[in-house]
Amino acid sequence: MTWKPSAISELLHHRARGLSKGDPVALPIMPSSTFLLPGDPDGSHFYGRNGNPTVESVEAEIGLLENAEAVLFPSGMAAVAAILHTQLKPGDKVLVHSDGYYNVRALLQEYFVPRGVIMETCPTAKMAEADMTDFRLVMIETPSNPGLDVCDIAAVADRTKAAGALLVADNTTATPICQQPMDLGADMVLMADTKAMAGHSDVLCGHVASRDTTLINQIRTYRRLGGAIVSPFDAWLLHRGLETLELRVCRANQNALAVAQMLEKHPAVQSVRYPGLPRDASHAVASHQMRTYGPIVSFTLKDRKTAEMFIENNAMSVPATSFGGVHTSAECRIRWGDQVAEGFVRLACGIEPTEDLVIATEKALESLD
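Note that this is a predicted model, so its numbers are computed, not measured. (Residues numbered from 1 in each chain as written. Predicted model: local features only at pLDDT ≥ 70, side-chain atom pairs only at ≥ 80, totals over all residues. Heavy atoms only, no water.)

A. Geometry of helix α3 (residues 76-87). When the terminal C-alpha atoms of α3 are compared, their 17 Å separation across 12 residues agrees well with the 16 Å that a helix rising 1.5 Å per residue should span. Here α3 lies mainly inside the structure; 9 of its 12 residues are buried. Listed as buried for α3 are G76, A78, A79, V80, A81, A82, I83, L84 and Q87. (Helix = DSSP H or I, 4+ residues; strand = E, 2+ residues; numbered from the N terminus. Expected span 1.5 Å × (residues − 1). Buried < 20%, exposed > 50% of the residue type's maximum accessible area, 1.4 Å probe, protein only.)

B. Here's a closer look at empty space enclosed by the protein. Tallied over the entire structure, the rule returns 1 cavity of 30 Å³ or more. As a volume, the largest cavity reaches approximately 80 Å³. Forming the boundary of the largest cavity are 15 residues, of which A196, V249, A252, P295 and G324 lie nearest the centre. No other element matches helix α9 (residues 245-263), which puts 4 residues into the lining of the largest cavity. Among the residues making up the lining of the largest cavity, the classes are represented as 8 nonpolar, 6 polar and 1 charged. (1 Å grid on protein atoms, 1.4 Å probe; cavity = no way out; pocket = protein on both sides within 12 Å on 5 of 7 lines; lining within 4 Å. Points joined across faces, edges and corners; volume = space filled by probe spheres on them. Nonpolar A, V, L, I, M, F, W, Y, C, P; charged D, E, K, R; others polar.)

C. Representation of the packing of aromatic side chains. Throughout the structure, instances matching the rule amount to 4 aromatic pairs. The interplanar angle of 75° and the centroid separation of 6.5 Å between the aromatic rings of Y274 and Y293 together place this pair among those described as edge-to-face. Residue Y274 is found in the loop between β8 (271-273) and α10 (283-289), and its partner Y293 is found in the loop between α10 and β9 (296-300); the two are separated by 19 residues along the sequence. Residue classification places Y274 among the buried residues on the basis of a relative accessible area of 1%. Their ring planes at 90° and their centres at 5.3 Å tell us that F299 and F310 sit as a pair that is edge-to-face. Taken as a pair, F299 in strand β9 and F310 in helix α11 (residues 304-313) lie far apart in primary sequence, 11 residues in all. Above the face of the F135 ring, K93 is positioned so that its terminal group lies 4.4 Å from the ring centre. (Phe/Tyr/Trp six-rings, centres within 6.5 Å; stacked < 30°, edge-to-face > 60°. Lys NZ or Arg CZ within 6 Å of the ring centre and 35° of its normal.)

Written as structure tokens, this is what we have:
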């Protein structure tokens, strides 16, 4: 029987395979901006902006999860910016999600459109039917944040390739544990590793991954010249999170499904979105391309006052933005300008005991009466 360990197992044992007797098992932090360089450069480390051993070790770990080369950035938006700067020039057309993370559209509108880039938007659920003729770049986020719509990644990839465009998938809400967009045809994947990858709400990081050597070299060169580098300590924090990634994501996903199942039966809830629910509009597509369905549940209460009261009264939820941490957090997404109902709540599940989280959430709903 031929057996190959999973990517998570490879990640956990990746460093140990290269150790010699007496070497530290834990990843060292190397906070040096300069390295010994007698004579001419020879490809070794010489300056922190060009490379750091701690950062490179973490990139290799992410590469195991993505089955691709990965380049680290100091935030998810820095990773987005790297892709846009390396792939778009005046006159190029970019198609981007109209219902995904709003700062992607804001970055394009503020800095790229004035320089001649043409931006068009499309809802996530309709991406697989969009006309991509003459586009240079297509960016999807699936499941979308915060509405949790899903697009068929393989179908979108077929259309982008037929149009001669590049497909970029934001995989932040799912992580490589739940789905692998490059296996389905995406040219590049980006993630805000601030979220589940690091997982402890204490560091900003992001990455771009690709199996196309030309594309990833362009990204790496942009980082070197632009200076958007990650500190060794931040990379180490991300490394610590990656070691427990599968455990945390599995619990958070379990919690999200259990909470969603309770919410869809509760009379105070007008609507629920979670791709793992069989009755969800995205379930058919999601079940085809996702292993599990992510930590976020979105639902709508009657108005914003009610939603804010629910958040305040939930003993197992922190009123905060972002997601992917060990704690459950909740917010009214309308405060950021998302096109959602006044009473729309994004509940990002953490790793609390499932029963505790479900009961606390139900009690918070009952307190609204």
